[in-house]
Amino acid sequence: MATTKAVSAFPVRRQDFEFGEVPRYWVNGDAFMTHVFNGMSALFPDGERFFVASVRAVREAVNDPQLQKDIGAFIGQEAMHAKEHEKFNRGAVDNGYNLEALEGWTRKFLSVADLPGLSNKKVRLAATVALEHFTGILSAQLLRRDDIVESIDESMRNLWMWHCVEENEHKAVAFDTYKVAYGEGALNYAIRMGTMMLATLLIMVAIHAFVAELLRQDGKLFSGKEWRSGLTQLWGRTGMFKQIIPEFFDYFKPGFHPWDHDTEFLLKRYRKRMGFQSH
């Protein structure tokens with residue numbers, strides 16, 4: 001009987017976005033929210049490479065052909081994300097922003113993984129699992145929020161829709177790799193939980209610090225109006241971050257899996273919207 005060769009559950013889409021006509025404030029004409037997204041973009045090039053390296057470091061422990069194919073596609077997708085966001089970050093200087101400095105800050109945040117006791121494959125992969133959970137639920141939140149998607153200028157909208165789609169396509173790959181490589185015993189669960197708490201602290205500090213630095217570059221650091229409006233959009237009743245808190249805490253439940261949050265309907269909707277072929 002012929003066997004079916006495993007193929008990845010999602011494709012690697014080669015992209016080459018142009019960022020020559022990006023407005024200064026490209027999220028609803030709003031400086032604060034533009035800088036939230038600019039700040040996240042500054043995290044991505046080195047962050048995505050960290051994710052790739054951490055998964056690749058334990059890939060030899062994976063014997064399942066399907067997961068091996070998905071790891072390959074995960075690596076390809078993340079490499080494309082790093083490339084496109086790095087290209088945008090270089091172009092941001094046209095609007096007067098130094099995102100390269102923030103990329104340097106990102107490397108300093110990631111260097112926490114080099115501290116004694118943390119610089120091992122398991123902890124690095126656990127950090128990737130944690131941060132992939134954050135990017136997965138935040139990406140799903142953005143795709144659910146037509147108001148946010150439509151507030152993004154057309155010059156940047158496809159970049160973020162593409163990135164959000166792919167973060168949800170591969171959201172379980174690092175998680176499944178961790179389970180295969182290290183199992184689900186109490187110690188490995190504890191490492192995953194502790195790493196999530198540290199990663200959450202670092203990512204929240206990073207995003208808000210990046211926004212503050214970009215507002216400083218804009219001459220708006222001490223604008224109470226910007227901070228009140230912006231923090232409400234992040235943490236108010238319908239805030240972008242406030243809305244993902246329940247899904248964030250699901251991660252701490254024993255037996256949790258990223259696909260417990262079924263986002264296939266969002267993926268179908270946005271694949272169709274962006275003209276992606278079915279895979």
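Residues numbered from 1 in each chain as written. Predicted model: local features only at pLDDT ≥ 70, side-chain atom pairs only at ≥ 80, totals over all residues. Heavy atoms only, no water.

K.L.:
It is not clear to me how helix α7 (residues 173-182) should be interpreted in this structure. Could you clarify?
P.N.:
Because an α-helix packs 3.6 residues into every turn, residues spaced three or four apart end up facing the same way. Among the residues of α7, those classed as buried are Val173, Ala174, Phe175, Thr177 and Tyr178. Close packing links the buried residues of α7 with α1 (31-56), α2 (65-91), α4 (121-144) and α8 (186-217). Two residues or fewer after α7 comes glycine 183, characterised by a positive phi angle close to 80 degrees. (Buried < 20%, exposed > 50% of the residue type's maximum accessible area, 1.4 Å probe, protein only. Helix = DSSP H or I, 4+ residues; strand = E, 2+ residues; numbered from the N terminus. Contact = heavy atoms within 4.5 Å.)

K.L.:
Where do I start with the packing of aromatic side chains in this structure?
P.N.:
Each aromatic ring pair is characterised by the separation of its centres together with the angle its planes make. Applying the stated criterion to the full structure yields 20 aromatic pairs. On the basis of an interplanar angle of 80 degrees and a centroid distance of 5.9 Å, the ring pair of tryptophan 26 and phenylalanine 88 is categorised as edge-to-face. Here the residue tryptophan 26 occupies a position in the segment before α1, and phenylalanine 88 occupies one in helix α2, the gap between them amounting to 62 residues. Comparing tryptophan 26 with phenylalanine 88, the two get one shared label, buried. One aromatic cluster in this structure is built from Phe17, Phe19, Trp26, Phe37, Phe44, Phe88, Trp160 and Trp162. Positioned above the aromatic ring of tryptophan 259 is the side chain of lysine 171, whose terminal nitrogen or guanidinium carbon lies 4.1 Å from the ring centre. Positioned over the ring face of tyrosine 251 is arginine 192, at 4.9 Å from the centre of the ring. (Phe/Tyr/Trp six-rings, centres within 6.5 Å; stacked < 30°, edge-to-face > 60°. Lys NZ or Arg CZ within 6 Å of the ring centre and 35° of its normal.)

K.L.:
Hey, could you run me through the pattern of salt bridges in this one?
P.N.:
Pairing is possible between side chains of opposite charge, provided their charged atoms come close. Applying the stated criterion across every chain, the model contains 21 salt bridges. Among the ionic pairs, glutamate 103 bridges to arginine 90, the shortest N-O distance being 2.6 Å. Here glutamate 103 is found in helix α3 (residues 99-110), whereas its partner arginine 90 is found in helix α2, with 13 residues between them in sequence. Ionic pairing is found between arginine 271 and glutamate 169, a salt bridge with its closest N-O pair at 3.0 Å. (Salt bridge = Lys/Arg side-chain N within 4 Å of Asp/Glu carboxyl O.)

K.L.:
What am I meant to see in the environment of tyrosine 97 here?
P.N.:
Locating tyrosine 97 in the fold gives a position in the loop between α2 and α3. The spatial distance from the C-alpha of tyrosine 97 to the C-alpha of glutamate 213 is 9.8 Å, given a sequence separation of 116 residues. Ignoring any residue separated from it by four or fewer positions in sequence, one finds tyrosine 97 in contact with Arg24, Tyr25, His35, Asn38, Ala92, Leu214, Gln217 and Asp218. Of the polar contacts made by the side chain of tyrosine 97, one reaches the side chain of arginine 24; its length is 3.4 Å. Within the local environment of tyrosine 97, its side chain forms a polar contact with the side chain of aspartate 218, the two groups lying 2.9 Å apart. (Polar contact = N/O pair within 3.5 Å; in protein donor to acceptor, adjacent residues only side chain to side chain.)

K.L.:
Mind showing me how you'd approach a nonpolar patch on the surface here?
P.N.:
Taken together, the side chains of Leu231, Trp235, Ile245 and Phe249 present a nonpolar region at the surface, about 340 Å² in accessible area. For the nonpolar patch, the elements supplying multiple residues, two or more each, are α9 (224-235) and α10 (245-250). Structurally, leucine 231 is set in helix α9. By relative accessible area, leucine 231 is classed as partly exposed at 33%. (Patch = residues over 30% accessible without salt bridge, like charges linked within 9 Å, V, L, I, M, F, W, Y side chains within 5 Å. Areas by Shrake-Rupley, 256 points an atom, 1.4 Å probe, with all protein chains shown as cover.)

K.L.:
Teacher, can you tell me more about the packing of α1 against α3 here?
P.N.:
For any two helices packed against each other, one specifies the inter-axial angle together with the distance between the axes. Where α1 meets α3, the axes come as close as 9 Å, and the angle between the chain directions of the two elements is 50 degrees. It follows that α1 is oblique to α3 by the angle criterion. Like other packed secondary-structure pairs, α1 and α3 cross with a definite hand, here right-handed. Residues Asn38, Ala42, Leu43, Pro45, Asp46, Gly47 and Phe50 of α1 touch α3, and the partners they reach there are Leu99, Leu102, Glu103, Thr106, Arg107 and Leu110. Here the residues of the contact of α1 with α3 sort into seven nonpolar, three polar and three charged. (Axes fitted to C-alpha atoms, helices over the stretch in contact; angles between N-to-C directions. Parallel < 35°, antiparallel > 145°, perpendicular 65-115°, else oblique. Left-handed = near helix turned anticlockwise from the far one by under 90°. Nonpolar A, V, L, I, M, F, W, Y, C, P; charged D, E, K, R; others polar.)

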